[in-house]
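Letter by letter, the chains look like this.
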Amino acid sequence: MDFYTPPVIPMSSPDLTEAERQAVIKVLNTPNLSMGPQIAAFEKAFCDFTGSRHAIAVNSGTSGLHLCVRAAGIEEGDWVITSPFSFVASTNAIMFEKAVPVFVDVDPLTGNIDPQKVEEVAHDLKKGGAAAQRWLPRKGLRSGGQLKAILAVDVYGQPADYDVLRRVSDEHGLRLIEDSCEALGSAYKGRMAGGLGDYGVFAFYPNKQITTGEGGLVVTSDDAAARMMLALRNQGRAPGDTWLEHTYLGYNYRMDELSAALGAVQMSRIHELLEKRSRVAAWYNERLKGIEGIQAPVLVESTTQVSWFVYVARVAPGVDREALAEGLKARGIPVRPYFNPIHLQPYITQYLGYGAGDFAVTEDLGKRSLALPFSGLMREDQVDQVCEAIRDLLKK
Ligand SMILES: *Cc1c(COP(=O)(O)O)cnc(C)c1O
């Protein structure tokens, strides 16, 4: 028998109050558990917060990314430039349509897709032939492939370099999708994350900045795309379709009313929630500075605001991360190797033929990253406990 010992400090925790509980109970006292007024209120909160014209709430961040891929007109065999240093969902949304993720390596400081490399790759892919060939995966290509979009990820809540990505997208007629699932409340040169591409996606799994249990949301100011995504979320029903009429091949990606009610209360607390996260991150930053062998996250100048989805430290080159992680776990402190590179996931190597050595920076970050326990509810003494344990283990 395997006994589970709960960690001394949780990896993450949602920040919920009586207001969230009452909002959910209120919905339970009505017959409207789906497609009611809560969704509209939740969506409006996002239009106000991000400045986007439309918000489309869905049942996960992954569903939201998939809707963006469909709205961008990405089809079987199309190429999409994206990052191998991400949570798998950003690449999966491309794979769902049998399109081809063309990975581009990342910036070593931020872990975000390298904008200069994107520029070079987009240029070569548009040129085609041998120029394109050197960037494409070894397997899984169909004839007639063409570059349709860039899907960038705001890694750990720090926005990618959208001024360059926008210019490259405009130059080559590409759609720009922002996976802002980790970046609710962050800003790039003063502009809110989520609104930096043609479409942006948020996610509300319980470890994110706000939660709805499961859930996600797309923001866009593109009217036609918003209409399309509203239809696809709702079984392909276009405006004017009856319950049993389906203009498009759609999905059931709807968010329910309980989740939306919970989310609306969380959004009303967004400044408080972000402030708490920022305080905990500052505690970590301060303590890690004095520990040799581990580095605090680096924020670049274009990140004018960061909302701290996770707190990911990096071990110095040569430090045994696995031993450190094991030592921390033995003390009841959970940590995660965040992220494992996507191009090395078994199904990606199988379908696309990517392999070790293809993206050196991503692989290096993958080996040295360590997500520490983090939430807005963490106390200063818990941060102390984590950092003291790290100091102690690295001394050995
Ligand atoms: C959380 C997250 C998602 C979406 O996750 P869901 O579990 O589907 O809500 C997508 N991309 C990134 C980078 C994420 O961190």
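What comes next concerns the included structure.

Quick notes on the rules
- One numbering rule holds for all chains: residues counted from 1, following each sequence as written.
- Only residues with pLDDT of at least 70 are given local features in this predicted model, and only at 80 or more are side-chain atom pairs given and counted; all residues enter the totals for whole chains, interfaces and linings.
- Processing note: side-chain calculations cover all non-hydrogen atoms of the structure and skip hydrogens and water entirely.
- Secondary structure elements follow DSSP: runs of H or I no shorter than four residues count as helices, runs of E no shorter than two count as strands, and numbering proceeds from the N terminus.
- Only C-alpha atoms enter the radius of gyration; for comparison, a globular chain is expected to reach 2.2 Å times N to the power 0.38, where N is the number of residues.
- Relative accessible area decides the class of each residue, using a 1.4 Å probe on protein chains only: under 20% of the type maximum gives buried, over 50% gives exposed, and in between gives partly exposed.
- Every residue pair with non-hydrogen atoms within 4.5 Å of one another is taken to be in contact.
- Per-residue and other accessible areas follow the Shrake-Rupley method at a 1.4 Å probe size, with only the shown protein chains counted as cover for residues.
- Only four residue types enter the charge count, namely Lys and Arg as positive and Asp and Glu as negative; His and the chain termini do not.
- For charged residues, the charge sits on one atom: NZ in Lys, CZ in Arg, CG in Asp, CD in Glu.
- Candidate patch residues must exceed 30% relative accessible area and have no salt bridge, after which like charges are joined if within 9 Å and Val, Leu, Ile, Met, Phe, Trp or Tyr side chains if within 5 Å.
- The rule for a salt bridge is simple: a side-chain nitrogen of Lys or Arg has to be within 4 Å of a carboxyl oxygen of Asp or Glu.
- Pairs of strands are assigned from DSSP output, requiring at least two bridges between the strands.
- Handedness of a crossover is defined as follows: orient the strands so they point away from the viewer, and if the path from the first strand over the helix to the second runs clockwise, the crossover is right-handed.
- Pairing of aromatic rings covers Phe, Tyr and Trp, the last through its six-membered ring, and needs centres within 6.5 Å; plane angles under 30 degrees mean stacked, over 60 mean edge-to-face, and all others mean tilted.
- Only protein atoms enter the 1 Å grid, on which a cavity is a set of points fitting a 1.4 Å probe that cannot get out and a pocket is an open set with protein on both sides within 12 Å along at least 5 of 7 lines, lining residues being those with an atom within 4 Å of a point.
- Grid points are joined across faces, edges and corners, and a volume is the space filled by probe spheres set on the points.
- All amino acids are sorted into three groups, where Ala, Val, Leu, Ile, Met, Phe, Trp, Tyr, Cys and Pro are nonpolar, Asp, Glu, Lys and Arg are charged, and the leftover types, Gly among them, are polar.
- Domain start and end points were adopted from an automatic or database domain assignment.
- By nonpolar core is meant a set of buried Ala, Val, Leu, Ile, Met, Phe, Trp, Tyr and Cys residues that side-chain atoms within 4.5 Å join together.
- Directions drawn from the helix axis to the C-beta atoms are what define this arc.
- For the purposes of these results, a polar contact is taken to be a pair of N or O atoms within 3.5 Å, where, inside protein, one atom must be able to donate a hydrogen and its partner to accept one; residues adjacent in sequence count only when each atom of the pair is a side-chain atom.

Further remarks concern the overall build of the chain. Per the secondary structure count, the chain includes 14 helices and 13 strands. A globule of 396 residues ought to have a C-alpha radius of gyration of about 21 Å, and the chain, at 21 Å, matches this closely. The buried share of the chain, reckoned over its 396 residues, is 56%. A separation threshold of at least 6 residues defines the contact pool for the chain, and within that pool the share at least 24 residues apart is 71%. Split by element, the accessible area of the chain, about 16900 Å² in all, is 53% carbon and sulfur. A gap of 1 Å separates the mean positions of the 41 positive and 48 negative side-chain charges of the chain.

Nonpolar side chains collect at one region of the surface, where Ile-25, Leu-28 and Leu-33 lie side by side and expose about 260 Å² of accessible area between them. Tracing the chain through its elements places Leu-28 in helix H1 (residues 18-28).

Within strand S4 (residues 147-153), 6 of the 7 residues are buried, leaving the element largely enclosed by the surrounding structure. For strand S2 (residues 79-82) and S4, the ladder comprises 4 bridges, and the chain directions are parallel. Of the residues in S4, the one forming a bridge with Trp-79 is Leu-147. Remark: the S4/helix H7 (residues 162-172)/strand S5 (residues 175-179) crossover connection has right-handed handedness.

Before going further, it helps to examine the packing of aromatic side chains. Within the structure shown, the criterion is met by 18 aromatic pairs. On the basis of an interplanar angle of 70 degrees and a centroid distance of 5.4 Å, the ring pair of Phe-42 and Phe-204 is categorised as edge-to-face. Of this pair, Phe-42 sits in helix H2 (residues 37-50) while Phe-204 sits in the loop between strand S8 (199-203) and strand S9 (216-220), and the two are 162 residues apart along the sequence. No difference in accessibility class separates Phe-42 from Phe-204, as the two residues are buried. Here Tyr-162 and Tyr-188 contribute two aromatic rings whose centre-to-centre distance is 6.1 Å and whose plane-to-plane angle is 85 degrees, an arrangement assigned as edge-to-face.

The space that makes up the largest pocket amounts to roughly 650 Å³. Listing elements by their share of the lining of the largest pocket, those giving two or more residues are helix H3 (61-71), helix H4 (89-95) and strand S13 (369-372). When residues of the lining of the largest pocket are assigned to their parent elements, the largest contribution, 3 residues, is made by H3. Considering only residue class, the lining of the largest pocket consists of 19 nonpolar, 10 polar and 6 charged. Taken domain by domain, the makeup of the lining of the largest pocket includes at least three residues from each of domain 1 (18-268) and domain 2 (271-395).

A few words now on empty space enclosed by the protein. Summed over all chains, the structure comprises 1 cavity of 30 Å³ or more. Empty space within the largest cavity amounts to approximately 70 Å³. As for the largest cavity, its lining consists of Ser-13, Pro-14, Asp-15, Pro-206, Lys-208, Gln-209, Ile-210, Thr-211, Gln-266, Leu-273, Arg-277 and Gly-376. Across the lining of the largest cavity, the residue classes break down as 4 nonpolar, 5 polar and 3 charged.

Another aspect to go through is the nonpolar core. Taken as a class, soluble globular proteins show a tendency for nonpolar side chains to be buried jointly. Within the largest apolar cluster, 40 residues are counted, with the highest numbers of intra-cluster contacts made by Ile-74, Tyr-156, Ile-177, Tyr-199, Met-229 and Tyr-338. The set of elements that each furnish at least two residues to this core consists of strand S1 (54-58), H3, H4, S4, S8 and helix H8 (223-233). For this core, the two domains that each supply at least three residues are domain 1 (18-268) and domain 2 (271-395). Grouped together as the second largest cluster of nonpolar side chains are 34 residues, Val-121, Val-164, Ala-183 and Leu-352 included.

Attention now goes to helix H11 (residues 321-330). All of the buried residues along H11 are Arg-321, Leu-324, Ala-325, Gly-327 and Leu-328. Down the axis of H11, the buried set is contained in an arc of 165 degrees. They therefore lie on one face. With respect to the buried face of H11, the exposed residues turned more than 90 degrees away are Glu-326 and Ala-330. Near the N-terminus of H11, the side chain that reaches the backbone nitrogen of Glu-322, with its oxygen 3.1 Å away, is that of Asp-320. Immediately downstream of H11, the backbone of Gly-332 shows phi near 80 degrees, a positive value.

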